[in-house]
Amino acid sequence: MTALHLPKAIYDAMRAHGEETYPNECCGVLLGKAAPDGWRVQSAVRAGNTRTDSAHNRYHIAPVELVKIQREATRKGLDIAGFYHSHPDHPAQWSPTDFAEAHWIGCCYVITAVAKGKAQATNSFLLAGTTEEDKRFENQTIEVAEKP
Ligand SMILES: [Zn+2]
């Protein structure tokens, strides 16, 4: 059983991001290193929510932005550990759209519920499986550390 290891500063920043963009969704990318007991996140990069049709319940990171983030990660010796977004006035559970749009197998998908502008629960789901056909989300523990 793996966990998502997050320094408290990143955990808080991710949740604050969701409060700032409320009532729209926020989204970002988590960078870190893989360890036997799960991803160890070292930094979070905010991404612009490029969806203009319904930003309150959809999130999307433009491919060009993701390429830039990935290049930056490589330069720092890090990998993309996962993605985070918020659910304004909805529970911190993945939606069918979240699942359909999740393609990074082995990465974590973190969702923070934001109710009336206040961050509530934050949950992490590991995209397990080997292909697009057998992929699945597995509930994952988030370990928040005071120090990185
Ligand atoms: Zn979602």
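Here, the structure is the one placed above.
Residues numbered from 1 in each chain as written. Predicted model: local features only at pLDDT ≥ 70, side-chain atom pairs only at ≥ 80, totals over all residues. Heavy atoms only, no water.

Take helix 1 (residues 8–21) next. With 14 residues, helix 1 ought to run about 20 Å at 1.5 Å a step, and its terminal C-alpha atoms sit 20 Å apart, in line with that. Every buried residue of helix 1 is accounted for by Ile10, Tyr11, Met14, Arg15, His17 and Gly18. The arc that holds the buried residues of helix 1, viewed along the axis, is 145 degrees, so those residues lie on one side. Exposed and facing more than 90 degrees away from the buried side of helix 1 are Ala9 and Glu20. (Helix = DSSP H or I, 4+ residues; strand = E, 2+ residues; numbered from the N terminus. Expected span 1.5 Å × (residues − 1). Buried < 20%, exposed > 50% of the residue type's maximum accessible area, 1.4 Å probe, protein only. Arc of directions from axis to C-beta.)

This paragraph deals with the pattern of salt bridges. Counted according to the given criterion, the structure contains 8 salt bridges. Ionic pairing is found between Asp37 and Arg40, a salt bridge with its closest N-O pair at 2.8 Å. The salt bridge involving Glu72 is made with Arg75; its shortest N-O contact spans 2.9 Å. Of this pair, Glu72 and Arg75 both sit in helix 2 (residues 63–75), 3 residues apart, roughly one helical turn. Taking the relative accessible area as the measure of exposure, Arg75 reaches 64% and is therefore exposed. Beyond isolated ion pairs, a larger network of salt bridges with shared partners links Glu72, Arg75 and Lys76. (Salt bridge = Lys/Arg side-chain N within 4 Å of Asp/Glu carboxyl O.)

The subject of this paragraph is the side chain of Thr122. Mapping Thr122 onto the fold places it in strand 6 (residues 118–128). Side chain to side chain, Thr122 and Arg15 meet in a polar contact 2.8 Å long. Side chain to side chain, Thr122 and Thr112 meet in a polar contact 2.9 Å long. Excluding residues within four positions of it along the chain, Thr122 makes contact with Tyr11, Met14, Arg15, Val110, Ile111, Thr112 and Ile142. (Polar contact = N/O pair within 3.5 Å; in protein donor to acceptor, adjacent residues only side chain to side chain. Contact = heavy atoms within 4.5 Å.)

Helical periodicity: at 3.6 residues per turn, an α-helix aligns residues three or four positions apart in one direction. Helix length check: helix 2, at 13 residues, gives a terminal C-alpha distance of 18 Å against a target of 18 Å (1.5 Å per residue), a fit within 8%. When we look at burial in helix 2, the residues that qualify are Leu66, Ile69 and Ala73. Buried positions in helix 2, seen along its axis, are confined to an arc of 60 degrees and lie on one side of it. Those residues of helix 2 that are exposed and aimed more than 90 degrees away from the buried face are Val64, Lys68, Arg71, Thr74 and Arg75. For helix 2, the secondary structure elements touched by its buried residues are strand 2 (27–35), strand 3 (38–47) and strand 4 (79–88).

Our focus in this paragraph is the coordination of the zinc ion. Note on metal geometry: ideal angles are 109.5 degrees for four donors arranged tetrahedrally and 90 or 180 degrees for six donors arranged octahedrally. Binding of the zinc ion to the protein goes through His85 (NE2), His87 (NE2), Asp98 (OD) and Asp98 (OD), at separations of 2.0 to 2.5 Å. Its 4 donor atoms give the zinc ion angles of 56 to 154 degrees at the centre, a pattern that matches the irregular case. Donor residues for the zinc ion sit on one chain with the sequence pattern H-x1-H-x10-D. Of this pair, His87 sits in strand 4 while Asp98 is found in helix 3 (residues 96–100), placing the two residues 11 residues apart along the sequence. The class of His87 is buried, set by a relative accessible area of 7%. (Donors = N, O, S within 2.8 Å, 3.2 Å for Na, K, Ca; no water. Tetrahedral: all angles 85-135°; square planar, octahedral: opposite > 155°, others 65-115°.)

Turning next to the environment of Ala44. Mapped onto the elements of the fold, Ala44 is located in strand 3. The class of Ala44 is partly exposed, set by a relative accessible area of 32%. For the pair formed by Ala44 and Gly82, sequence separation is 38 residues and the distance between their alpha carbons is 9.5 Å. Each residue touching Ala44, except ones within four places of it in the same chain, is listed here: Ile10, Val29, Leu30 and Tyr84.

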